[in-house]
Amino acid sequence: MKTKQIAEGALCLAFYALLVFLFVYLPVVGTIATFFSAVPFIYLTAKYGWKFGGFFFLGSLAVSFMIGSFASLPVTVLFGLTGTVAGWTIHAKKGRGVIFACSVLAFLLNLIAQYAAAAVFFHWNAIEEMKDMIDESVEMTEKIMRATGQNMDDAQYGQLLQLSQLFSVLLPSFFVIISAAMVLIIQWVSFPAVRRMGIEIPKAVPFRELSFPKSIIWYYLAVLVLSLFVETDASSFLYQAVTNLSYILQLVFTVQGAAFLFFFFHARKVSKAVPAVLTILCLLNPLFLLILRIVGIMDLGFDLRSKIRPQR
């Protein structure tokens, strides 16, 4: 191992130690600093490869334990492994899509493992506690309505309880969405810093040019057909799988539809603020959200963008 590598590794380790200190002893500032914690992992792994990145990760675990004991280790493992995977894909000259997908997978597997470990070893289940809070809110709402002379019929009460049940069923989808959102933030914060340190990172395509594979339509059609033969039993694995796949695919079509809006208004030389506002309005209104998904499906199936000519 060269002297330069050791020196850079020591410098990055000192930087990471500062971030851990902020996270442990200054929670407000530390929460913001946490998103920068992937920078040294990405930088060193992208520059020197996965072996050196792995050594640095082990060193970061030791430093994290010395500063924050066991409390800071989950954060180091979560952001450290995600940053190492991102750095390895950059070192391997992969495209931006592969970098993002591998990072999300690393974050997701890490998140699931830590969730399971907390439930098994510490008997702490954050999802169950949130579900209990929702159930208590439903019961409190019913009591308040009765106290004010309003009656909640069985149908309304059942719908509120279904929301609580749906929360548990869609847990895998929430994990995927959280992982994707966190990786987006990590890359948005980390990549500019890593670029300034001399690491070449492929540029991301503009959001308006984002498009998913057309095969997703067939997957969604298969899920819809399968859902017709699945009993609505929340404890059934097949029901949970179909529900989560349907939810994720609908989210994909929503993103595709939003990307089409940005593409359309860009071709018409209209400010980005217009499609941004329209997308937000669609997310807030169920009817408009459905229309946005349909636009996304049509864009995938019929390649609507190829029929739009840029305005001169």
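The structure under discussion appears in the preceding block.
Our subject in this report is the structure included herewith. (Residues numbered from 1 in each chain as written. Predicted model: local features only at pLDDT ≥ 70, side-chain atom pairs only at ≥ 80, totals over all residues. Heavy atoms only, no water.)

Looking at the nonpolar core
Ranked by size, the top nonpolar core spans 33 residues in total, and within it I42, L44, I90, F107 and I199 carry the most contacts. Looking at this core, the elements that each hand over two or more residues are α1 (3-25), α3 (39-48), α4 (50-68), α5 (73-91), α6 (96-121) and α9 (171-196). Those residues in contact with L44 that lie beyond four places of it in its chain are E8, G9, C12, G49, F52 and F56. Formed by 9 residues, the second largest nonpolar core is a distinct cluster that contains I216, Y220, V230 and L300. (Core = buried A, V, L, I, M, F, W, Y, C linked by side-chain atoms within 4.5 Å. Buried < 20%, exposed > 50% of the residue type's maximum accessible area, 1.4 Å probe, protein only. Helix = DSSP H or I, 4+ residues; strand = E, 2+ residues; numbered from the N terminus. Contact = heavy atoms within 4.5 Å.)

So, the pattern of salt bridges
What the rule picks out here adds up to 2 salt bridges. Salt-bridge contacts for K47 lead to E8; the nearest nitrogen and oxygen are separated by 3.2 Å. Here K47 is found in helix α3, whereas its partner E8 is found in helix α1, with 39 residues between them in sequence. On the accessibility criterion, E8 (15% relative accessible area) is buried. Residue R305 is joined to D299 by a salt bridge in which the shortest nitrogen-to-oxygen separation is 2.8 Å. The two residues R305 and D299 agree in class, both being buried. (Salt bridge = Lys/Arg side-chain N within 4 Å of Asp/Glu carboxyl O.)

Describing unusual backbone geometry
Phi angles above zero are rare outside glycine, and K93 is one such case at about 60°. Mapped onto the secondary structure, K93 falls in the loop between α5 and α6. When its relative accessible area of 67% is taken as the criterion, K93 is described as exposed. Residues other than glycine seldom take positive phi values, yet D303 does so here, at roughly 50°. Position of D303 among the secondary structure elements: in the segment after α13 (286-302). Under the relative-accessibility criterion, D303 is labelled partly exposed at 32%.

Some thoughts on a nonpolar patch on the surface
A surface patch of nonpolar side chains, about 1,000 Å² in accessible area, is lined by V270, V274, V277, L278, L281, L287, F288, L290, I291, I294, M298 and F302. Where the nonpolar patch is concerned, the elements lending two or more residues are α12 (273-284) and α13. Looking at the nonpolar patch, the element that brings in the most residues is α13, giving 7 residues. In this fold, L281 is placed in helix α12. Look at L281 and you get partly exposed, because its relative accessible area is 44%. (Patch = residues over 30% accessible without salt bridge, like charges linked within 9 Å, V, L, I, M, F, W, Y side chains within 5 Å. Areas by Shrake-Rupley, 256 points an atom, 1.4 Å probe, with all protein chains shown as cover.)

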